[in-house]
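# Residue-level structural notes
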Amino acid sequence: MRKYFALLFLILAMLACNLSNPNAGGAPTSPTLEPTTVIYVVIEPTATPTIAVTNTPAPTATAELPPEIMLHKNSNCRRGPSEYYVIVDQIARDKDGVPVSLPVVGQNEGGTWWQVINATGQECWIFGENAQPNSDFSNLPIKEGPALPDTPGNFFVTNQVCQPGPKKNEITFSWTVGANTDGFHIYRNGSRIIELKAGRLNYKDINAPLEVNLTYELEAFNKNGTSIKVIQIIPACK
């Protein structure tokens, strides 16, 4: 019985030795896995470059030309914007072959006359068709000329003495005066025959021609110019 216990003990001892040595023969064991080192790569965010904002310069405004006109014909420069104003200067269209340019400071209503400054620094008016503007004059100030005399009223023939035998023809006129009047001019068939003061409101033409139709014109005047003419037509004295 003791032999069986000894033998059993020996067998158990041998089995114990085999279990304690993993490299001992027998079935292969699974390899031991080494722990894996994990490397974390930290990516720093790349800073976005700041784009500098450049202010775009505003477009430079084109410098406007000073308003001028260039004459293309010889011109009268008048005290106001119409042919009823007196002439204050006569300006040739060129000087030594160079066209004359004049600075412009105003225009009339409708833009048919230009107010300019002549060579002596005086302001006067040029008829628009006599010159070429160098730019758009729509923004020029609108101006008026000084006061002209009012047109005379009630211009009538009050008496006529027609005597062909003795060759006598006398015609008498009367009229009324308006504002801004310094005097009157009377014309017969286009020629001025007399100048009268503002207080004179009648006239007798004692030397009226015979055998021709006669046209009489009366205008008021002042230092700035004249009024519109009023007319009387007289049949021929035969």
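Structure first, text after, so check above.
Residues numbered from 1 in each chain as written. Predicted model: local features only at pLDDT ≥ 70, side-chain atom pairs only at ≥ 80, totals over all residues. Heavy atoms only, no water.

### Quick word on the environment of Ile228
Let me state the cut-off plainly: The helix count covers DSSP runs of H or I at least four residues long, the strand count covers runs of E at least two residues long, and both are numbered beginning at the N terminus. Contacts are assigned to residue pairs that have any heavy atoms within 4.5 Å of one another.
For Ile228, the position within the fold is in the loop between strand S15 (214-221) and strand S16 (230-234). Apart from the residues lying within four places of it in its own chain, the contact partners of Ile228 are Tyr84, Thr151, Pro152, Leu218 and Glu219.

### A word on the packing of aromatic side chains
Counted only if it meets this: By convention, a stacked pair of Phe, Tyr or Trp rings (six-membered ring in the case of Trp) has centres within 6.5 Å and planes under 30 degrees apart, an edge-to-face pair has planes over 60 apart, and any other such pair is tilted. Two conditions define a charge located above a ring, namely a distance within 6 Å from the ring centre to NZ of Lys or CZ of Arg, and an angle within 35 degrees of the ring normal.
In total, this model carries six aromatic pairs according to the counting rule given. Centre to centre, the rings of Phe155 and Trp175 are 6.2 Å apart; their planes meet at 65 degrees, and the pair counts as edge-to-face. One end of the pair, Phe155, is in strand S10 (residues 153-163); the other, Trp175, is in strand S11 (residues 168-176), and 20 residues separate them in sequence. Among the aromatic side chains, those forming a connected cluster through ring pairs are Phe155, Phe173, Trp175, Phe184 and Tyr216. The ring of Tyr187 has Lys229 lying over it, and the distance from NZ or CZ to the ring centre is 4.1 Å.

### Considerations on the side chain of Ser75
Applicable threshold: For the purposes of these results, a polar contact is taken to be a pair of N or O atoms within 3.5 Å, where, inside protein, one atom must be able to donate a hydrogen and its partner to accept one; residues adjacent in sequence count only when each atom of the pair is a side-chain atom.
Note on placement: Ser75 falls in strand S2 (residues 75-78). Within polar-contact distance, the side chain of Ser75 engages the side chain of Asn130 at 3.3 Å. Apart from the residues within four sequence positions on either side, Ser75 is in contact with Asp89, Gln90, Ile91, Ile126 and Asn130.

### Observations regarding the sheet that holds S10
Inclusion rule: Here, strands pair whenever DSSP counts at least two bridges between them. Only the stretch in contact is used when a helix axis is fitted, and all axes are lines through C-alpha atoms; the angle between N-to-C directions ranges over 0 to 180 degrees.
Read across the open sheet, the three strands follow the order S10-S11-S14; overall the sheet is antiparallel. Two strands bound the open sheet, and with one partner strand each, they are S10 and strand S14 (202-205). Strand after strand, the sheet turns through a mean of 15 degrees between neighbouring axes, direction not considered. In this structure, S10 lies alongside S11, joined through eight bridges in antiparallel fashion. Residue pairing across strands places Gly153 opposite Thr176, the latter belonging to S11.

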